[in-house]
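Architecture at a glance
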Amino acid sequence: MKMLRGKTAVFRLLFLFSIIFFFAVGVASASQPKHAEPATTGSSERIDSPSDQQDPHNTTTSHQQDDAHHGHENIGKYLPLWSCIPFACILLSIALFPLILPDFWHHHFGKISGFWAATLAIPFLIVFKGAALYEILHIILADYVPFIILLWSLYTVSGGILLRGTLRGTPLVNVSILIIGTLLASWMGTTGAAMLLIRPFLRANNYRKNRTFMVVFFIFLVANVGGSLTPLGDPPLFLGFLHGVSFFWTFKIMPHMVLVAIILLVIYFILDTYHYRKEAVCPPEAEDVDQPLKLEGIRNFIFLAGIVGAVLMSGIVDWGEVNTLGIHRAVQDWVRDGLLILMGVLSLVTTPIKIRDDNDFTWFPIIEVAYLFIGIFVTMIPCLLILKAGSEGALAFLVNGVTQPVHYFWVTGGLSSFLDNAPTYLTFFNSALGAFYPGASEAQAVPLLMTENAIFLKAISAGAVFFGACSYIGNAPNFMVRSISEEAGTPMPSFFGYIIKYSLIYLIPTFVIVTLVFF
């Protein structure tokens, strides 16, 4: 009966939030300009006015030109900051419900995610109509679908690779795994490296009492910082590659990555050594104690290479565009998504079920991520549109105030901690181009930014990648690693617990050191 009353109270609270938001949007819509609909040809000409090009901090020009090219105006300049309330609410739900009502959350997290998505989508469609429908379809088809396909394929393929034998998590062994994962992340992606190594890492430490901090530092290093060196490592760097940043230019932030990695690895080794000695737990004796390490499911490395190759292919070739439900996507992107699905299916078909069973493989982690992130992606739309509007949006005070490398590092990073780091990277990438080379084409400006003002591009790139470690939603693999770890019996901190106990204590001081040394 108490549980029933608890559930009723939760739904009343959610309903109250929705009523407040519907009312607020309705009031705001009365004051919004009538031209929030998809722009006509005339409005496209107005968007590309000379006044936009003269403002060095106006990051909207390139975004709006692209929107105007496809007949859509950026409505972010009409959205108030409080339109981001549903996004804040879904984050609060992820943070609080597992603590307050864990059983309710476990059985209904998908419904809660869908509720907050509807709370944003319905009034958004009522007020902005066709333009809102375009933005919702765009984020689903161009962002969410590729995101979840990539995660699914990597999760499926890596789940077919099993490390047998004796591997016990001593401080030295654990540091070695973290180093290997950090190095792999730049070449097979942070998601690929994290999915490949998290299960062996967890099994090696299954006899340890204090495992939470181990997984957190795994997220810090393998799932984020390690992806700094190539466009294959992290989505923002891949986006920069698509916009003209050369493939190996990102090696210029190797000193930044090495400094962060060394600091975090030293801290980790100290913590692990302390707990290892305090626990006084010896590796359990087992019949296979002398069994050598052996990899099974090796064919999955071929599929893993296929995934990396498909992602790289989509950034190199140009096969034109295709219109799907009014959303223009590159043909090679659809081909890439198809290849990723094929790699996952081949892994399922060719890998013996016993390997996945012995690997404790289940579908729950990917299902949880898929349900939660559809809500996150949809409710994030106003935040991204406001940021995309640049100096014309509600965050103009923030965008216009970014002028120094240290600003680019911390503002890009801070926003990347909670928003999608790819559009955040692109916003400040365009801001830097506009500030230093107003009126120049992207093909002319990007090579100059890489050479004459490289420190600004380094700040943007490092901020977008490093700060993704600051929260569970800062980068794609973070939440997956958390879900896999919890399913394996390792307790993980709550959303805010992760930030307060770990990010603020270990990451932020590390980034301060990076700032003092490089920016």
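Every chain is numbered independently, its residues counted from 1 as its sequence is written. Since the coordinates come from a predicted model, pLDDT governs what is reported: local features require at least 70, and pairs of side-chain atoms require 80 or more to be given and counted, while whole-chain, interface and lining totals use all residues. Side-chain metrics rest on all non-hydrogen atoms present in the structure, leaving aside hydrogens and water.

When the centres of two rings from Phe, Tyr and Trp lie within 6.5 Å, Trp using its six-membered ring, the rings pair. Their planes under 30 degrees apart give stacked, over 60 give edge-to-face, and anything left gives tilted. A full pass over the atoms with the stated rule returns 43 aromatic pairs. Ring plane angle 45° and centroid distance 6.2 Å describe the contact between Phe238 and Phe241, whose orientation is recorded as tilted. Remark: Phe241 and Phe238 occur in helix 9 (residues 235–242); sequence separation between them is three residues, near one turn of the helix. Each of the two residues, Phe238 as well as Phe241, counts as buried. Residues Phe373 and Phe377 carry aromatic rings whose centres are separated by 6.4 Å and whose planes lie at 55° to one another, so their mutual orientation is tilted. Taken together, the residues Phe373 and Phe377, both in helix 14 (residues 364–379) and four residues apart, mark about one turn of the helix. An identical accessibility class is assigned to Phe373 and Phe377; each is buried. When the NZ atom of lysine or the CZ atom of arginine is within 6 Å of a ring's centre and also within 35 degrees of its normal, the charge is said to sit over that ring. A cation over a ring is seen here: Arg329 above Trp334, with NZ or CZ 4.4 Å from the ring centre. For Arg356, the ring lying beneath its charged end belongs to Phe361, and the centroid distance is 5.0 Å. Elements are defined by DSSP. Helices are runs of H or I of four residues or more, strands are runs of E of two residues or more, and each kind is numbered from the N terminus. Each residue is assigned to one of three classes by its accessible area relative to the maximum for its type, calculated with a 1.4 Å probe on protein chains only: buried under 20%, partly exposed between the two thresholds, exposed over 50%.

The next subject is the packing of helix 6 (residues 102–158) against helix 12 (residues 331–350). Helix 12 packs onto helix 6 with a crossing angle of 25° between their chain directions and a minimal axis gap of 9 Å. Considering their axes alone, helix 6 and helix 12 lie roughly parallel with respect to each other. As helix 6 packs across helix 12, the resulting crossing turns out to be left-handed. Taken together, the residues of helix 12 that come into contact with helix 6 (itself represented by Pro146, Ile149, Leu150, Trp152, Ser153, Thr156 and Val157) are Arg336, Asp337, Leu340, Ile341, Met343, Gly344, Val345, Ser347 and Leu348. Tallied by class, the residues present in the contact of helix 6 with helix 12 amount to 10 nonpolar, four polar and two charged. With axes taken as lines fitted to C-alpha atoms, and helix axes fitted only over the stretch in contact, angles between N-to-C directions fall between 0 and 180 degrees. In what follows, roughly perpendicular refers to angles from 65 to 115 degrees, roughly parallel to angles under 35, roughly antiparallel to angles over 145, and oblique to any angle outside these ranges. Handedness of a crossing is defined here by the sense of rotation of the near helix relative to the far one, left-handed for an anticlockwise turn of less than a right angle and right-handed for a clockwise turn. The contact definition used throughout considers only heavy atoms, calling two residues in contact when any of these lie within 4.5 Å. Residues are grouped as follows: nonpolar covers Ala, Val, Leu, Ile, Met, Phe, Trp, Tyr, Cys and Pro; charged covers Asp, Glu, Lys and Arg; every other residue, Gly included, is treated as polar.

The criterion is simple. A nonpolar core is a set of buried Ala, Val, Leu, Ile, Met, Phe, Trp, Tyr and Cys residues joined through side-chain atoms within 4.5 Å. Formed by 148 residues in total, the largest nonpolar core has its most connected members in Phe124, Phe220 and Phe466. It is helix 6 that provides the largest number of residues to this core, a total of 22 residues. For Phe124, the contacting residues outside a window of four places in its chain are Ile75, Leu79, Lys129, Ala132, Glu135, Ile136, Ile381 and Leu385.

Here a patch means residues that are over 30% exposed by relative accessible area and free of salt bridges, tied together within 9 Å if like-charged and within 5 Å if nonpolar (Val, Leu, Ile, Met, Phe, Trp, Tyr). We get accessible surface area from the Shrake-Rupley algorithm with a probe of 1.4 Å; when it comes to residues, only the shown protein chains can shield them. The term salt bridge refers to a side-chain nitrogen of Lys or Arg lying within 4 Å of a carboxyl oxygen of Asp or Glu. A surface patch of nonpolar side chains, amounting to about 740 Å² of accessible area, comprises Leu92, Leu96, Leu99, Ile100, Phe496, Ile500, Leu504 and Ile505. Only helix 5 (85–100) and helix 22 (495–518) provide two or more residues apiece to the nonpolar patch. Residue position: Leu92 is located in helix 5. On the accessibility criterion, Leu92 (37% relative accessible area) is partly exposed.

Take the confidence of the model for the protein chain next. Summary of the metric used: pLDDT quantifies the predictor's per-residue confidence within the range 0 to 100. Per-residue confidence for the protein chain averages 82 on the pLDDT scale, and 84% of its residues sit at or above 70. Averaged over each element, pLDDT in the protein chain is lowest for helix 2 (residues 41–47) (34) and highest for helix 8 (residues 212–221) (96). pLDDT under 50 marks residues 1–17. Its contacts with residues more than four places away, or in other chains, come to 13 contacts.

Here the expected length of a helix is defined as 1.5 Å per residue gap, with one fewer gap than residues. Along its 16 residues, helix 5 runs 21 Å from first to last C-alpha, staying within 8% of the 22 Å computed at 1.5 Å per residue. Considering bend angle alone, the principal kink of helix 5 is centred on Ile94 and spans about 30°; proline Pro98 follows within four residues of it. The complete set of buried residues in helix 5 reads Pro86, Phe87, Cys89, Ile90, Leu91, Ser93, Ile94, Ala95 and Phe97. The bend reported for a residue corresponds to the angle between axes fitted to the seven residues ending at that residue and the seven starting there.

A word on the pairing of strand 3 (residues 321–324). In the case of a regular strand, side chains alternate between the two sheet surfaces. Where strand 3 meets strand 4 (residues 327–330), four bridges bridge the pair, whose relative direction is antiparallel. Along strand 4, the bridge assignment pairs Asn323 with His328. The rule for pairing is simple: two strands pair if DSSP sees at least two bridges between them. Between strand 3 and strand 4, which pair antiparallel one after the other, the connecting turn spans two residues, and Leu325 there sits at a positive phi close to 55°.

Quick look at unusual backbone geometry now. The phi dihedral of Lys129 is positive, around 50°, even though this residue is not glycine. You can see Lys129 is positioned in helix 6. The partly exposed category is assigned to Lys129, whose relative accessible area is 48%. Here Leu325, not a glycine, exhibits a phi torsion of approximately 55°, which is positive. With respect to the helices and strands, Leu325 occurs in the loop between strand 3 and strand 4. The exposed category is assigned to Leu325, whose relative accessible area is 64%.

A few words on the packing of helix 14 against helix 21 (residues 476–487). Running from N to C, helix 14 and helix 21 cross one another at 140°; their axes reach a closest spacing of 9 Å. Taken together, the axes of helix 14 and helix 21 lie oblique to each other. Seen from above, helix 14 lies across helix 21 with right-handed handedness. Note on element contacts: helix 21 touches helix 14 through Phe479, Met480, Arg482, Ser483, Ile484 and Glu487, opposite Phe364, Pro365, Ile366, Glu368, Val369, Leu372 and Phe373. Looking at side-chain class alone, the contact of helix 14 with helix 21 contains nine nonpolar, one polar and three charged residues.

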